[in-house]
Amino acid sequence: MQTSKILTRIKISAIIEEFTDKSFITHLQFSPCSNFLSFFIREPSKHYSFSTRLMIIDWRRGCIISEVEDTSIITHYTWLGQQILMYCRYNNSFQYVIYNIDSGSYTCFKPFKDLPDGHPSTMLNTGVVTDTYPNRLRQQQLYYLAKNSTSPKLLGSFYSPLRYRDYSRIDLHPRLHSDNIISIDCSYNGRISMVLLRV
């Protein structure tokens, strides 16, 4: 990004044959090692508003490393080292699970077992952070799991005014940064703002 040099061009249709004019890509992330690029491919679905496939590709070689079909109904994910932490349907209930990209296996992520859907984010050697959607009282929670900890800590609850709903909804979208700083989006003094918090 410093030089604006184009490293490669990826033609998705050359990698994924089923990619159609109704398909779209979202939720792109590089792996911590920078070798892989992950993203959702979403398309219209008969059973839900859209179907989701999580694709992991070697962006330099232009080949698929792993693929998660929509049987899991994935909503959000983040890299957890060389694995994927995602919220999906697993064992007939929605929960956070860890997906091993090498073996294709799933394991329950026990520290977040009782948490609802949110936007997880990780930082190596720091921990994991996630949020929740507004509850009936319009409160959104922010949770932080420090490295080597077994249970998440509630960092705060944030009020989201009713006018911020549907397409105007403000998700916290927490992100971990160095020096134990977390950035979130929220309604601060009635305005859409980015807020920095120290863990």
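Described below are features of the structure shown in this document. Since the model is a prediction, treat every value here as computed from it, not as a measurement. (Residues numbered from 1 in each chain as written. Predicted model: local features only at pLDDT ≥ 70, side-chain atom pairs only at ≥ 80, totals over all residues. Heavy atoms only, no water.)

### Comments concerning the overall build of the protein
From N to C terminus, the protein includes one helix and 15 strands. In terms of overall dimensions, the protein has a C-alpha envelope of 50 × 40 × 40 Å along the principal axes. Burial status across the protein gives 42% buried among its 199 residues. A sequence separation of at least 24 residues applies to 34% of the contacts in the protein between residues at least 6 apart. By element, 50% of the accessible surface of the protein is carried by carbon and sulfur atoms, the whole surface being about 12100 Å². For the protein, the distance from the average position of its 22 positive side-chain charges to the average position of its 16 negative side-chain charges is 6 Å. (Helix = DSSP H or I, 4+ residues; strand = E, 2+ residues; numbered from the N terminus. Buried < 20%, exposed > 50% of the residue type's maximum accessible area, 1.4 Å probe, protein only. Contact = heavy atoms within 4.5 Å. Areas by Shrake-Rupley, 256 points an atom, 1.4 Å probe, with all protein chains shown as cover. Lys, Arg positive; Asp, Glu negative; His and termini not counted. Charge placed at Lys NZ, Arg CZ, Asp CG, Glu CD.)

### Some points on the packing of aromatic side chains
Evaluated as defined, the whole model comprises nine aromatic pairs. Pairing Tyr 96 with Phe 112 gives two aromatic rings, centres 5.2 Å apart and planes at 70°, and the pair type is edge-to-face. Taken as a pair, Tyr 96 in strand β7 (residues 93-100) and Phe 112 in the loop between β8 (106-108) and β9 (121-123) lie far apart in primary sequence, 16 residues in all. No difference in accessibility class separates Tyr 96 from Phe 112, as the two residues are buried. Here the aromatic residues Tyr 87, Phe 94, Tyr 96, Phe 109 and Phe 112 are joined through ring pairs into a cluster of three or more. (Phe/Tyr/Trp six-rings, centres within 6.5 Å; stacked < 30°, edge-to-face > 60°.)

Note that all results are geometric; they support no functional claim without further evidence.
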